[in-house]
Structure formats: structure tokens, C-alpha cells
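Chains, contacts and geometry: an overview
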Amino acid sequence: MAASSSSRVSSPGWLMLAAHCALLLAMAGAASAGSALSSTFYDASCPSAYDVVRRVIQNARVTDPRIPASLIRLHFHDCFTEKTVPANNNSARGFPVVDDIKSALEHACPGTVSCADILALAAEISVEISGGPSWRVLLGRRDGTTTNVQSAKNLPSPFDSLDKLQKKFRNVNLDDTDLVALQGAHTFGKVQCQFTRENCTAGQPQGSLEDLDRVTPNVFDNKYYGNLVDGLAQLPSDQVMLSDPAAPATTAPIVRRFAINQKDFFGKFVVSMIKMGNISPLTGMAGQIRKNCRRVNSKGY
């Protein structure tokens, strides 16, 4: 779906995404600062931003079909300097692609597009090129100047109970519909077998990769929810949305609805990601525009 940066960034759809460590910082109680996000933020300062991000992702996808799912994981775990915390250690990938995107944008529009906005754009593009919805990405985030390892430890775990998942989502003002919809990002990509319900019992060594969705592993669709209904979710924290004693009155009806109505899932997923994208972004003069997404700028940049 080729389009100009300005018109494409303003299109409707999923993953209106979080600022740099937005979910993490929000869980730690950080406050937002500055002005509102806008879908036209880079129209004048970097009109090619969307096209640059899309081109790099499309090129990376040729040799690595997993990259769209990996980039979405980086959005959720927007945490470049906290790679060794439990949620990211040996599992988050896609950093080199983000480096390539940042390098290309620095060439096109030096010092303009934040790493936080790169992940927001990359997530939307990854969903759309994988068969999912597109959406209007609000932009204008700035990058953090500190890291927060403790807040990263508060990310949802593949072994969380339903109650624990609900509490973590409620802490950032996300409800049960948001929980079920956002877990739908597990509709594509892979997971290390030690995090699955089978826990490498098929004889694989730890670290062996399993498809999160064995039906359509590289497609963003609603097959994930059908897997849950059939009792075939890979992650314990996914299956609890149906199997937990509290699920029939909370998450289970939503799972069943999404399993039979992909349009409903896509629409709710968009709404939930827009909500998540508005969790405590750094804007205005807060933070910085990182030159390298892996580290805070040195003084004088």
C-alpha cells in the first residue's frame, strides 16, 4: 500500500503506540510533559519519515520474515537500554533494524525523528504489511534520558495469572478488552520453548523457537483467538484468558467474540493501542531526540 508519508501516517488503524518506555515509565508512575501528539507532526520537518521506515522494514523482511513481529515486541517493551531485564533478556530482537531505520532517518532528516516515534511507526507498518489493520499514528514523542530497569520488571510475563495480568493493565488504565486485544499481538512471531505451556517437552533444547500461532504464524489475523478456544495457546498467560475461574465473567466472552469476528478484533485492537500510545509520552521540550537509539546523547549533541 504505497503512499506519501503525510497521507499514510494519517491513515486509520492499529497500534497507536507508546512513547520511549511509555508503558514502562507509566508503570513506574512517571508523569507526561509537553504538548499533544499529532499525526501531522513531521509533515514539514521530515515528510519522508513514514516511507523511510517502511522501506527499511520491507528490506529486512525479505531475509527475516519474523521482523514485523519482533518490531511490535520492541514497541511493547520499548526499552533499548534494559535488554537484560527478565522481559527482554535473550528474547527481544530487531534492534539492528531499528538502528538501520534511525541511520536512514538521520541521513534524511538529521536530529528530527525520535526513537520512540520510530517504534510507533514501525509497529503500525509491521501490522499492516502482515495483513492487519492500518491506523493514524500520532507522533511527536521524545526519547528518555534515563532508564528504568525496575519498571521493566513490571511488564506482563508469559507466566502471569489472569488476576496479575488484569492488575498490570489496570495500573495503566487499560481494561479487560484492552488486555484481550493487546494479547492478540501474539497472533504472529515466535517464542522460546521454555516460555510455552509445553516447556520444551517435545525434546527441544531450551531456546528452541516455536510459532506463537501454528495456523498462520507470519500473518496478523484472529487465528490466535481460535487457538485459545481450542485450548492450544502457546503461552500460559494467553490460555488463562479462557481457563481461569474468573475468565467466564471477564475475558472469555471477548476471546470468543474475537475468534469469530476478525473485524471486531481489528477495531478493538486499534482502540486499545491508541489508548496505550497515550500513556505518559515525553513531548515538547522534555527528553531528547536520540542520535543513536541504544544510548542517551552525549553532552553537546
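Each value, and the rule that gives it
- Residues numbered from 1 in each chain as written.
- Predicted model: local features only at pLDDT ≥ 70, side-chain atom pairs only at ≥ 80, totals over all residues.
- Heavy atoms only, no water.
- UniProt positions renumbered as here; feature names shortened; annotations may be inferred.
- Helix = DSSP H or I, 4+ residues; strand = E, 2+ residues; numbered from the N terminus.
- Buried < 20%, exposed > 50% of the residue type's maximum accessible area, 1.4 Å probe, protein only.
- Polar contact = N/O pair within 3.5 Å; in protein donor to acceptor, adjacent residues only side chain to side chain.
- Contact = heavy atoms within 4.5 Å.
- Axes fitted to C-alpha atoms, helices over the stretch in contact; angles between N-to-C directions.
- Parallel < 35°, antiparallel > 145°, perpendicular 65-115°, else oblique.
- Left-handed = near helix turned anticlockwise from the far one by under 90°.
- Nonpolar A, V, L, I, M, F, W, Y, C, P; charged D, E, K, R; others polar.

Identification of the protein chain as Peroxidase from Urochloa decumbens is taken from an unreviewed UniProt entry. As stated in UniProt under Catalytic activity (unreviewed entry), the record for the protein chain gives "2 a phenolic donor + H2O2 = 2 a phenolic radical donor + 2 H2O". Per UniProt, the comment on the protein chain under Sequence similarities (unreviewed entry) is "Belongs to the peroxidase family. Classical plant (class III) peroxidase subfamily."

Brief notes about the side chain of T112
Along the polypeptide, T112 turns up in the loop between α5 (95-108) and α6 (115-129). A relative accessible area of 19% means that T112 is categorised as buried. A polar contact of 3.2 Å, which involves the side chain of T112, links it to the backbone oxygen of C109. A polar side-chain atom of T112 sits 3.1 Å from the main-chain carbonyl oxygen of P110. Not counting residues up to four positions away in its chain, the partners in contact with T112 are Y42, S45, C46, E106 and I289.

Quick look at helix α4 (residues 67-76)
What sets the pattern is the α-helix's 3.6 residues per turn: residues three or four places apart point alike. Among the 10 residues that make up α4, 9 are buried, leaving the element largely enclosed by the rest of the structure. Along α4, the residues classified as buried are I67, P68, A69, S70, L71, I72, L74, H75 and F76.

Some details on the UniProt feature "binding site: Ca(2+) 2" (unreviewed entry) in the protein chain
Following the UniProt record, one finds the feature "binding site: Ca(2+) 2" (unreviewed entry) at T187, D213, T216 and D221. For the annotated residues, spread through 35 residues, the largest C-alpha to C-alpha distance comes to 9.9 Å, consistent with a single compact locus. Considering the arrangement of structural elements, one finds D213 in the loop between β2 (209-211) and α10 (223-229). In this structure D213 comes out as buried when scored by relative accessible area, which is 0%. A polar side-chain atom of D213 sits 2.9 Å from the main-chain amide nitrogen of V215. Relative to the helices and strands, T216 resides in the loop between β2 and α10.

Points about the packing of helix α3 (residues 49-63) against α6
Contact geometry of α3 with α6 gives a least axis separation of 10 Å together with a crossing angle of 55°. For the element pair α3 / α6, the angle class is oblique. Remark: the crossing between α3 and α6 carries right-handed chirality. Here Y50, V53, R54, I57, Q58 and R61 of α3 come into contact with α6, specifically with L121, A122, E124, I125, S126, E128 and I129. Per-class residue counts for the contact of α3 with α6 are 7 nonpolar, 2 polar and 4 charged.

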